[in-house]
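# Reading the structure
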Amino acid sequence: MTGLPSVGLISHGTSSPTGQVLIEVLAAEIATDLRIRGIADEVMLGHVDVQQPDVDEVINRLPADRPVILVPLLLSPGYHVHVDLAEAVNRAIESGRDVRRTPTLGPDTRLAEILADRLPALSDNDDVILAAAGSSDERANESCREMGRLLAAELDRPVGVGFLAGGGAPLKDLVEESRSRGARPVLANYLLAPGFFDDLARKLVAGGMEAGSAKYGAAKSSSAGTGPSGVLASPLLTGSNGAHVVPHQLVDIVRDRVREVAQPQARTQPHCPAPQVLNA
């Protein structure tokens, strides 16, 4: 095989139009970075659920005469990594393709930096809780707990970890326990982009705001930190004033993941023109 490797960026997939756009913007910035640095050639975005192309199609559409590196644009290694991606990689290898899979984006100290940056100003009365999607795979949940430990180190204060689904401590329970003590639950949003789980978290916080208004009065509960309503920070990818902003740390993490599994010669190629991003 010759030439630079190709990269398949594999997201979960979402029905949220905003989430879809944000993931596409992230993929485009990653592609630009990898191509300009001479790390990869073609870059294609695919998904394990909801959207197309799927993982098999991504592999089939990328050149067969060079390695394919799949990067899960997922925050923790659950079913989609250990089953969907693993099976697709095995099928490709059995057919004679050179396909490699990198670790997920998290846990990583750079994600803790983004999460901390998304939080509002914190007071002593705030309980910081990492809000994660959750999984039936305990390996994914433990990865999220490790992310909570990294965020605690970044903030130099305790951080709880709650899950919207799957195993582990339910986020709802942690939020209600915090409110019962008169604290303000501040949720660090450990989701990549808006979508189903972000909507669930927002409904949870909105319900608390309604309860706070009834108990403390609308004027008081609307002031940050004065009632138990709570705050949900923005996801890691956030649109601001009509512009979609990709934190540089996300691009840095993906670049490092690719380098971890790329051939040595793929790291020393000269700079190349702007990348080609393939979509369905």
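These notes cover the structure that comes with them. (Residues numbered from 1 in each chain as written. Predicted model: local features only at pLDDT ≥ 70, side-chain atom pairs only at ≥ 80, totals over all residues. Heavy atoms only, no water.)

## Things to note about the overall build of the chain
- Tallying secondary structure elements over the chain gives nine helices and 11 strands in all.
- Within the chain, buried positions represent 52% of all 280 residues.
- With the model as given, the accessible surface of the chain reaches about 12200 Å², and the carbon-plus-sulfur share is 51%. (Helix = DSSP H or I, 4+ residues; strand = E, 2+ residues; numbered from the N terminus. Buried < 20%, exposed > 50% of the residue type's maximum accessible area, 1.4 Å probe, protein only. Areas by Shrake-Rupley, 256 points an atom, 1.4 Å probe, with all protein chains shown as cover.)

## Concerning the side chain of D126
- Mapped onto the elements, D126 comes out in strand β5 (residues 126–132).
- In this structure the side chain of D126 is engaged in a polar contact, spanning 2.8 Å, whose partner is the backbone nitrogen of S123.
- Not counting residues up to four positions away in its chain, the partners in contact with D126 are A121, R157, R184 and V186. (Polar contact = N/O pair within 3.5 Å; in protein donor to acceptor, adjacent residues only side chain to side chain. Contact = heavy atoms within 4.5 Å.)

## With respect to unusual backbone geometry
- A cis amide bond links Q52 with the next residue in sequence, P53, at an omega value of 5 degrees.
- Mapped onto the elements, P53 comes out in the loop between β2 (43–47) and α2 (55–61).
- With an omega dihedral of 0 degrees, the bond running from G106 to P107 counts as a cis peptide bond.
- With respect to the element layout, P107 can be found in the loop between β4 (99–101) and α4 (109–118).
- Not every positive phi belongs to a glycine, and D156 is a case in point at roughly 60 degrees.

## Thoughts on the environment of N189
- With respect to the helices, strands and loops of the structure, N189 is situated in strand β7 (residues 184–190).
- Each C-alpha atom, one on N189 and one on S234, is 6.0 Å from the other, the two residues being 45 residues apart in sequence.
- Sequence-distant contacts of N189, defined by excluding residues within four places in its chain, comprise L115, A131, D198, R202, L232, A233, S234, P235 and L236.
- Engagement of the side chain of N189 in a polar contact is seen with the backbone oxygen of A233, the distance being 3.0 Å.

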